[in-house]
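Notes for the structure review
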Amino acid sequence: MTTRAKLTLYSALATVLVTLCLTPLVEPGNWVLRAVLVTAAAGGAGAGLRRLAFSRALQVPLQLLAVLYLLMLLFVQRAMDYVLLPGPRALDAVGSLLAEGQKTVQEYTAPAPATEGVQLILVGAVALIAVLVDALAVTFRRAALAGLPLLALYSVGTGLNGADNAWLWFLLSASGYLLLLFAEGQDRLSRWGRVFHGTSQDGSGTISHSGHRVGLLALACAVVIPLVVPQTGLGLFDGGSGSGAGLGNGAGRQVTSLNPVVALTANLTRRDNTELFTFRTDTNVTDLYMRIGALDNFDGVSWKFSEQRLQAIENPLPGPLGLGPDVQAEPFRTEVKISRNLSTEWLPMPYPADTVTVRGDWKYEPSTRSVVGDGGQKTDGISYSVVSKDVRPTPEQLRKAGPVPNDVARRFTTLPDSLPAVVGQTARKVVAGKNNPYDQAVALQAWFNGPEFRYSLEVAAATGNEAIERFLREKTGFCVHYAATMAAMARSLGIPARVAIGFAPGTDLGKGSFLVRSQDYHAWPELYFPGSGWLRFEPTPSRGSAPEYTAEKAAPVPSAQPTEATTAPSTAPSAAPSSSSSCTAQQQRQDGCADEQAVTPVSVEERPWWLEWPVLVAALVTLLVLALLATPMLWRIRQRRRRLGTGRRAPGGDGGGELTDQQVLAAWEELIDTAWDLGIPPDDSRTPRTTVRRIAEAGQLDDTATAAAGRVALATERVLYARDAGAGLPLGPDVRTAAEGLRASAGRRGRTRAVLLPPSSARLRRRIGDRAAAVGEAVRSRRDRLTGALRRLPGLRGRGEQD
């Protein structure tokens, strides 16, 4: 294979290896097969154009055209004229797929569904990178610059995927890039003549391999060192790290985060209802929401986090904003155990928290009373404890709430000028006749829970002006739409409001324990009332539970619902409880009363961290890299023992008796290799005696070591030149004496290199290459003999003669 063909092959391989870092972004990952096919086509097109001697200026555009045609065949072939010819219909189909893919990307977080549009975007991006890499590395002979498009693709994949398995994607991507650089280096050397892979005694045989050693050593260090060196949390933007929150390393850093609505939507629409965490509480509250944060900034495009300052956690935390002493607020404790299925920078916990006991680098955000990971800290598999307040104001207290402080009103009632007028008009219509903020808020909640509204996950996730206007018109959506719309309507009435993100209570396991799954992700509005602070409301029908303070506690009256259930019994599931039902009102809203069977407690089974497959793969890769690096050292130790063993029959001749020629030559080879390892390359043009003189001068040997090396050289000359070498003394002690003299003058760095990366191990590569060549020659010889035998067969003789 020519060096240019190798460059083409390694360019495609590097692109494919970097492409693998995009696989966590989309499920399922079968789109990778299309990406590999397109990458191979880009390389093949480039090779063909170069062979046809097209000018460089035309090669890249023609490659792009070939790749574009293949993409159309893969994705919109049915829209092509005569199934093969691209036309206006095919271009329209491509545009439609791109628009559909862009919409999916905006609505979902990783892993997004692998729709045809998303696959077209991914495969098209990979195809573009493949053409650029092939053009830079092969057409323009600039393999180093080809790392730029590879880096762009790698940055997109790892940036959106976060830190999960980052070491694996780095290892694959860096390996592909190193292979490309190795091939380019070989191509450069080949222009000077024949590439020499041997181990000539002048040391020039190491030219084509020294770069390999440096590259592999650098790659191994880049993978292994971060495992043992603590991270400093350095980032590109304000000390940010990973995806999600970009957080600094100390107090006073800002919270900046991707919109969590995307993550919420992705989890609600997942087919598998993954277990995320369990919690146990010592309170009797059955509607305990686990909150992670609050979106308090509405700019007409979306509800999002405003930039706030992080502080160190100092228990107890400052008192909740607006909570007065007259409102009942009983403390309770919650123990939380996060599974490894939930990796987020935000701690789920009941609001408002008083104390948080958690290990790791976590910071406190005072405005929303959230606890946020710093320096890449995430919730993977951690356990923690939270003491919170169970705030229970009465309706009468809420009706008599005083005026809202100016700073709170100014910040949490702001609405964009572009807000559609229908929002305020609808709000005023719903609360007509209600003369205080509390009754207005309850009226809004009741209106959303009315029969006109329908819960559906089929609606695109959005919280901006257009989404709110469409939701008020169509009255169909899920928790994000209900929470965002009610918060906007409350602000239009002058009630401070924001959108909280977190989890509904989940499955009641009994004895105060709950299991929260991915489909328990939830959003709800929080409204501010002086004296009570921020309070939760629940406008989403059939999800969560309305808090008790949103309903008047009147005298008990007969309820029609139980009567209907007892007078009209049915075996079919019913939303209304039977007379024997023990379900609470909150459990009824959470669809938890389908039957009276006992709920079997479910525990989140956690394997030890060292049994997780990424850790096992990392350990395996580390062991393989270390074994690869240790191979020269181990081979050299084995060679030394074979040559300078102990006893009468030892190769180096430590024992008594006459030495064989093989033993003398083995001792000489050991002396030469020892000098080579310590920085004195061999020179086959010299005689043994002049070689020893050169070693003694370069190695600054003393008289004893020089004399020992001279005796080895004299014995070697007798074997090589004399008719009868005669009996000789054991040479093992002389070789060791000379080696000790060489090591004494080599310095610590030279001695370390001689042990870990001995240059004489080039003999091993030459031996492997010779053996591989011998095997190849044997295979070719047998093939030729088999071909000749077949041609001599009667049925094939005539054909062979014709050939």
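Just above sits the structure.
Residues numbered from 1 in each chain as written. Predicted model: local features only at pLDDT ≥ 70, side-chain atom pairs only at ≥ 80, totals over all residues. Heavy atoms only, no water.

**Digging into the overall build of the chain**
Secondary structure assignment for the chain yields 24 helices and 19 strands. Of all 803 residues assigned to the chain, the portion counted as buried reaches 46%. Considering only contacts in the chain between residues 6 or more positions apart, those separated by 24 or more positions represent 72%. Of the roughly 41200 Å² of accessible surface on the chain, a fraction of 57% belongs to carbon and sulfur atoms. (Helix = DSSP H or I, 4+ residues; strand = E, 2+ residues; numbered from the N terminus. Buried < 20%, exposed > 50% of the residue type's maximum accessible area, 1.4 Å probe, protein only. Contact = heavy atoms within 4.5 Å. Areas by Shrake-Rupley, 256 points an atom, 1.4 Å probe, with all protein chains shown as cover.)

**Regarding the pairing of strand β19 (residues 533–536)**
Bridge analysis of strand β18 (residues 521–529) against β19 gives four bridges, and the strand direction is antiparallel. By the bridge assignment, L527 is partnered in β19 with L535. Between β18 and β19, which pair antiparallel in sequence order, lie three residues; one of them, G531, sits at a positive phi of approximately 95°. (Pairing = 2+ DSSP bridges.)

**Looking at helix α1 (residues 3–19)**
Over its 17 residues, α1 runs 24 Å from end to end, which matches the ideal 24 Å to within 8%, given 1.5 Å per residue. For α1, every residue scored as buried is listed here: L7, T8, S11, A12, A14, T15, V16, L17, V18 and T19. (Expected span 1.5 Å × (residues − 1).)

**Re the nonpolar core**
In this structure, L264, F277, W303, V356, F503 and L527 are the most contacted members of the largest nonpolar core, which totals 78 residues. With 10 residues, the top contributor of residues to this core is helix α15 (residues 479–492). Grouped together as the second largest cluster of nonpolar side chains are 49 residues, L70, V123, L168 and V621 included. (Core = buried A, V, L, I, M, F, W, Y, C linked by side-chain atoms within 4.5 Å.)

**Observations regarding the sheet that holds β19**
Strand order in the open sheet made by the four strands is β4-β15-β18-β19, with antiparallel pairing throughout. Unpaired on one side and paired on the other, β4 (290–295) and β19 mark the two borders of the sheet. The mean inter-strand angle of the sheet, taken between neighbouring strand axes irrespective of direction, is 35°. Sheet analysis places strand β15 (residues 497–503) next to β18, joined by seven bridges and oriented antiparallel. (Axes fitted to C-alpha atoms, helices over the stretch in contact; angles between N-to-C directions.)

**With respect to the packing of helix α14 (residues 465–474) against α15**
Close contact between α14 and α15 brings their axes to 10 Å; oriented N to C, the two are set at 100°. The angle between the axes of α14 and α15 places the two elements in the roughly perpendicular class. Between α14 and α15, the contacting residues are I468, F471 and L472 on the first element and H481, Y482, A484, T485, A488 and M489 on the second. Looking at side-chain class alone, the contact of α14 with α15 contains seven nonpolar, two polar and no charged residues. (Parallel < 35°, antiparallel > 145°, perpendicular 65-115°, else oblique. Nonpolar A, V, L, I, M, F, W, Y, C, P; charged D, E, K, R; others polar.)

**Digging into the packing of aromatic side chains**
Enumeration over the complete set of coordinates arrives at 19 aromatic pairs. On the basis of an interplanar angle of 75° and a centroid distance of 4.9 Å, the ring pair of F412 and W534 is categorised as edge-to-face. With F412 in helix α11 (residues 406–412) and W534 in strand β19, this residue pair connects regions lying 122 residues apart in the sequence. In this structure, F412 and W534 share a single accessibility class: buried. Aromatic pair F448 and Y482: ring centres 6.1 Å apart, planes at 75°, arrangement edge-to-face. With a gap of 34 residues between them, F448 in helix α13 (residues 437–448) and Y482 in helix α15 connect regions that are remote in the sequence. This pair shows no difference in class: F448 is buried, exactly as Y482 is. (Phe/Tyr/Trp six-rings, centres within 6.5 Å; stacked < 30°, edge-to-face > 60°.)

**A word on unusual backbone geometry**
In this structure, the amide linkage connecting N315 to the following residue, P316, adopts the cis form with an omega of -5°. If you trace the backbone, P316 turns up in the loop between β7 (311–312) and β8 (328–338). Residue Y351 is joined to P352 through a cis peptide bond whose omega torsion reads -5°. With respect to the helices and strands, the residue P352 is situated in the loop between β8 and β9 (353–358). Non-glycine residue K475 carries a positive phi angle of around 55°. With respect to the helices and strands, the residue K475 is situated in the loop between α14 and β14 (476–477).

**Focus: the pattern of salt bridges**
Tallying each qualifying case throughout the model produces 27 salt bridges. Ionic pairing is found between E548 and R392, a salt bridge with its closest N-O pair at 3.1 Å. With E548 in the loop between β19 and α16 (560–567) and R392 in strand β12 (residues 383–392), this residue pair connects regions lying 156 residues apart in the sequence. What makes E548 partly exposed here is its relative accessible area of 39%. Three or more residues joined by partner-sharing salt bridges are found here, namely R636, R640, R643, E669, E670, D673, D677 and R763. (Salt bridge = Lys/Arg side-chain N within 4 Å of Asp/Glu carboxyl O.)

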